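So you can see what is in the structure, the chains are spelled out below.
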Amino acid sequence: MNAIINLSATEIAQAIAKNELSPSEVVQAHIQRIEAVNPQLNAVVVSLFEQARAEAKIKDAARQRGDTLGLLHGVPITIKESFDVVGTPTTVGLTELARSKATHNAVMVERLRQAGAIILGKTNVPHMCSMNETDNPVYGRTNNPWNLERAPGGSSGGEAAIIAAGGSPLGLGSDIAGSVRLPAQACGIHGFKPTSRRLTLVGHAPLFAGQQAIIAQPGVMARSVCDLTLAMKILAAPGQEAFDTNIPLVPWCEADIQIEKLRIAFYTDNGILSPSPAIRRVVREAAEALEKRGAIVEEWTPPDLLKASQLYNQLLTADGFATLKRQVGRSKWHPRIKQYYQLAATPKKLLNSVAAISGFFGLDDMANSLGAVGELSVTDYWRVIHERDRFCTQFLTAMNAKQYDAIICPPTALPALTHNSGFLLSDDINYTNLYNLLGMPAGVVAATRVRQGEESDREPRKSIISRTAYKVEQGSVGLPVGVQIAARHWHEDVVLAVMSALEEHFKAQPDYLAHPPV
């Protein structure tokens, strides 16, 4: 079993095609692994084991007949709970939806199935997919396989946890603020989200229904970068525009990217929440590795990242979370989500007053956060949209001035969070949500682990955010950390090429991620 669950999805597909493995034995090995680790993790919350075994037998027969095989023929996968899978609930943690059952597969799910993938089950999410911790009133809390007292990130946290633990080689997630990349960092795997509007969300739970300023995207997660590339080739194939008018006719690019011809920028701190020493180290190590490969790599200060953070929060909370409240309806609230709602629903004048008082007492981080949430008038909303557009132009102009092809930076400021700390550390997602605001493709590549002596060099100040960050860093030795890579719109091939180069580099290092303890 261990030999099979250690294989990548690409290796499994190749072994099945060569008749070296059968779909049935591959599926059974992963089911056994899920059954062994899931009681501690609570990552797979809807199991489809009997269905998977039956499908594997069909795939066995197809291979024996010599049928044409799909790119993922017989490969077991898992799916984030927020995507529709026939016969299963799509609750996103809403208790009122626990008995519902989807009648159709989400488009992205069906594309993976048509390529031959076999679904093992659906994985846990935060309530309304709105926390950097995976916990909800329907399925409960998911734990990080590296440390059960830590969160696996969110919102694709269940997906990341089971992939890291060897229960699934490949998974489908979604990302509106880092929901694929944050769990990838927390669990020590790879995660990728494409350019905004590259992939359709038809069949995904309608979170923040009608909100069009920040575009969520399906994304893929795996322990091998080549698996991300393979999955994206399947998901981004032509035809989406036939039923989703939001999808532009931009073909998927599979160019042979030469690292030595790239100009790459890097930064280690966004000036909002400083990263832990291990995260700063790994970004610099990544920069050095790419430079040794022949790329031109320069340290860079992106323009006005605090403004970007404020714009993101203004846009996502512009309705005072009234839509969120309506969607929750009569379902049970998760306490953290209720806190988010109560904060966003607080009258804007009161929030501005509290922000001003916080700033007066030197609590700049709290002042910045509080001043950028809450309901906006239509006039103010249009103004913020205009400011967003101007910021995007400013950011791309700065990239153009240096002719940068890609950017490497931290995925987060901290390693995997301790349970229940996410509400106080919303600034931790500013490293990922920047690229949702911009709409650029971005991925996180697993790199290394926190070493002895580099847990923290943070000076815990009187701010509750700083104190909480310091507490999270304590006891973090051995936890995984990664590197984020972003590139220009529609240049997913550049992101994946840089991720592949960095994967090759970090795999050769002595402290590369081994299997988590679970």
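For the structure itself, look to the data block above.
Residues numbered from 1 in each chain as written. Predicted model: local features only at pLDDT ≥ 70, side-chain atom pairs only at ≥ 80, totals over all residues. Heavy atoms only, no water.

### Here we look at the packing of aromatic side chains
Taken as a whole, this structure holds six aromatic pairs when the rule is applied. With a centroid separation of 5.5 Å and an interplanar angle of 70°, the aromatic rings of Trp300 and Tyr404 are classed as edge-to-face. Of this pair, Trp300 sits in the loop between strand S10 (296-299) and helix H10 (305-316) while Tyr404 sits in the loop between helix H15 (378-402) and strand S11 (406-409), placing them 104 residues apart in sequence. Of the two residues, Trp300 and Tyr404, neither departs from the other in class, the shared state being buried. Members of the aromatic cluster, connected to one another through ring pairs, are Trp300, Phe391, Phe395, Tyr404 and Tyr435. (Phe/Tyr/Trp six-rings, centres within 6.5 Å; stacked < 30°, edge-to-face > 60°. Helix = DSSP H or I, 4+ residues; strand = E, 2+ residues; numbered from the N terminus. Buried < 20%, exposed > 50% of the residue type's maximum accessible area, 1.4 Å probe, protein only.)

### Structural notes on the nonpolar core
By size, the foremost hydrophobic cluster in this structure holds 75 residues, and its most contacted members are Leu290, Ile408, Val483, Val498 and Leu502. When residues in this core are grouped by element, the largest group, nine residues, is from helix H18 (residues 492-507). If near-sequence neighbours (up to four positions away) are discounted, Leu502 is found in contact with Ala286, Ala289, Leu290, Val445, Val483 and Ile485. Grouped together as the second largest cluster of nonpolar side chains are 58 residues, Ala213, Ala216, Leu316 and Ile385 included. (Core = buried A, V, L, I, M, F, W, Y, C linked by side-chain atoms within 4.5 Å. Contact = heavy atoms within 4.5 Å.)

### Remarks on the sheet that holds strand S1 (residues 44-47)
Each strand in a sheet pairs with another by means of backbone hydrogen bonds, the pair being arranged parallel or else antiparallel. Here eleven strands make up an open sheet; going across it, the order is S1-S3-S2-S6-S8-S7-S12-S13-S11-S9-S10 and the pairing mixed. Each edge of the sheet is formed by a strand with only one pairing partner; in this case those strands are S1 and S10. Put simply, the sheet's adjacent strands are angled 25° from each other on average, direction ignored. Two elements, strand S2 (residues 76-80) and strand S6 (residues 170-175), share two bridges in a ladder whose sense is parallel. Bridging from a neighbouring strand, Ile79 pairs with Leu172 of S6. (Pairing = 2+ DSSP bridges. Axes fitted to C-alpha atoms, helices over the stretch in contact; angles between N-to-C directions.)

### Some remarks on helix H9 (residues 277-292)
For H9, built from 16 residues, the straight-helix expectation of 22 Å at 1.5 Å per residue is met to within 8% by its first-to-last C-alpha distance of 23 Å. Along H9, the residues that are buried comprise Pro277, Ala278, Ile279, Arg281, Val282, Val283, Glu285, Ala286, Ala287, Ala289 and Leu290. Just downstream of H9 lies Gly294, where phi reads positive at about 110°. (Expected span 1.5 Å × (residues − 1).)

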